[in-house]
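Residue-level structural notes
Given next are the chains, with one letter for each unit.
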Amino acid sequence: MERNEILKQVNAIFVDILDNETLVLSDSTTANDVEDWDSLTHIHLVVAIEKGFGIRFTSQEIQSWNNIGELVDCIASKK
Amino acid sequence: MNQEQTSTMNYIVEQISIKNQLHSKKITKNLAKFDEAYFKRANDFLKRYATLLQNEGKTLDYSIDCYLQMIADVNYESVQFLQTGEYTSKSFDEVNQRVYNNPSVMEYYMHGLLLSQFLWTHHYDILLYFNKIINQNAAHINNYLEVGGGHGLYISEAIGIIGDKANYDLVDISKSSLEIAKKMISNDKVNYMLTDVFEYFPENKYDFITMGEVLEHVEDPVSLLKKLHTLLSENGKLYITTPTNAPAIDHIYLFKNADDIRKVIHEAGFNIENEFCIYSEDMPVEKAEKYKVSMMYAGVLTKK
């Protein structure tokens, strides 16, 4: 799966879970850039990403991403 | 609030923001709503906790790392819970092996829980509710029992309100939990008993029993409440708290909503005299339900 395609799909999941139609993510986006992305919504994002991509993350991975780019890389490594 | 009160909390928040950006957003939001009274209580608690850490040769940084490890566990358990609709642990034996009989897990888990007491909004609201209930009933309490004392905060609060006239007993099944309670309770009035409450047969009945966040740790909460029923005097009161939808490494029994809890209470032979429910996240009810946010239930129960 192309990296850009993964980012596009992740963006759509964030828009859905955070109810924010205007959200545009890039590799450098962090939680500080997205108001509603906190520890609670993160869990729901993880669940939606696992379902959307048919993958499972480990406990360490869920805590490890510093930005969207690292999340996309992690998904890419499992596809 | 004074410099000392803000500095310890500020340090904890600052370290959490460095180590876990997502979680720090929640903590920052939580602390913003608190008043001076909160920071005074938090500081009193943190002072006692700092002494405990010092006596064990540990630092606040160690405790913050323990807390974040516990948060990592909760996050992972939450993902599993949302995927399956169930808690991952199904039996007491499983949790015993995974947590209670696993010293390295118990170590960070106990310290994580201690720190969470004043970082999670709903813990403080529940403490204030408990304070109100004890104040209303203090005149009639001469024999007080707490089951599963943990950090010792509740029994300390009760002693502060009821005073020296009452007898105070604390029963806990976990040695490490009881040791922490002994260190956190700065009062020699408490009788500590390391035993399974099912094996506990005291001579006298209790006027007031407190059992905070224990029901979710057992396979059969009705049996546990029935046991407490036998320990309570005819006009005595039982104060319980337990959460709904709260995945954690040592939670077994899943209450999906407050009605699930009320059902268990009634089945065990109790009436609900008073109750208080609060979500663990400060947000509108619709949003809390959408995100399956855990709700803490507190109830004052009397015998039917």
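Look up: the structure comes first, before these words.
The text that follows walks through the structure, step by step, so that each part is easy to find. (Residues numbered from 1 in each chain as written. Chains lettered and ligands numbered in written order. Predicted model: local features only at pLDDT ≥ 70, side-chain atom pairs only at ≥ 80, totals over all residues.)

Some details on the overall build of chain A
Selection rule: The helix and strand labels rest on DSSP assignments: H or I over at least four residues marks a helix, E over at least two residues marks a strand, and numbering proceeds from the N terminus. As defined in this context, the radius of gyration uses C-alpha atoms, and a globule is described by 2.2 Å times the residue total to the power 0.38. Three classes are used. A residue is buried when 20 or more other C-beta atoms lie within 10 Å of its own, exposed when 12 or fewer do, and partly exposed in between, with C-beta atoms placed from the backbone. Contact between two residues is assigned when their C-beta atoms, built from the backbone, lie within 7 Å.
Scanning chain A for helices and strands turns up 4 helices and 0 strands. Taken from the N to the C terminus, the helices and strands of chain A come in the order α-α-α-α. Its C-alpha atoms give chain A a radius of gyration of 11 Å, within 12% of the compact-globule value 12 Å for 79 residues. Viewed in the frame of its principal axes, chain A has a C-alpha envelope of about 30 × 25 × 20 Å. For chain A, buried positions account for 29% of its 79 residues. Long-range pairs, those at least 24 residues apart, make up 59% of the contacts in chain A between residues at least 6 apart in sequence.

Quick look at the interface of chain A and chain B
How we decide: Note on residue classes: Ala, Val, Leu, Ile, Met, Phe, Trp, Tyr, Cys and Pro are nonpolar, Asp, Glu, Lys and Arg are charged, and everything else, Gly too, is polar.
Listed as interface residues are 14 residues of chain A and, on the opposing side, 15 residues of chain B. Counting residues per element, the ones that place at least two in the side of chain A that touches chain B are helix H2 (39-53) and helix H3 (59-64) of chain A. Tallying contributions element by element places H2(A) first for the side of chain A that touches chain B, with 7 residues. Of the residues contributing to the side of chain A that touches chain B, the split by class is 6 nonpolar, 7 polar and 1 charged.

Brief notes about the pairing of strand S1 (residues 143-147) of chain B
Residue and element names in this part refer to chain B. Rule in force here: For two strands to be treated as a pair, DSSP must find at least two bridges joining them. Assignment of crossover handedness uses the view with strands pointing away from the viewer, where a clockwise path from the first strand over the helix to the second indicates a right-handed crossover.
In terms of residue burial, S1 counts as a mostly covered element, since 4 of its 5 residues are buried. Looking at chain direction, S1 and strand S2 (residues 167-172) are connected through 5 bridges and run parallel. Within S2, the position partnered with Tyr 144 by the bridge is Tyr 168. For the crossover from S1 across helix H8 (residues 153-162) to S2, the handedness is right-handed.

Just geometry here; none of it tells us what the structure is for.
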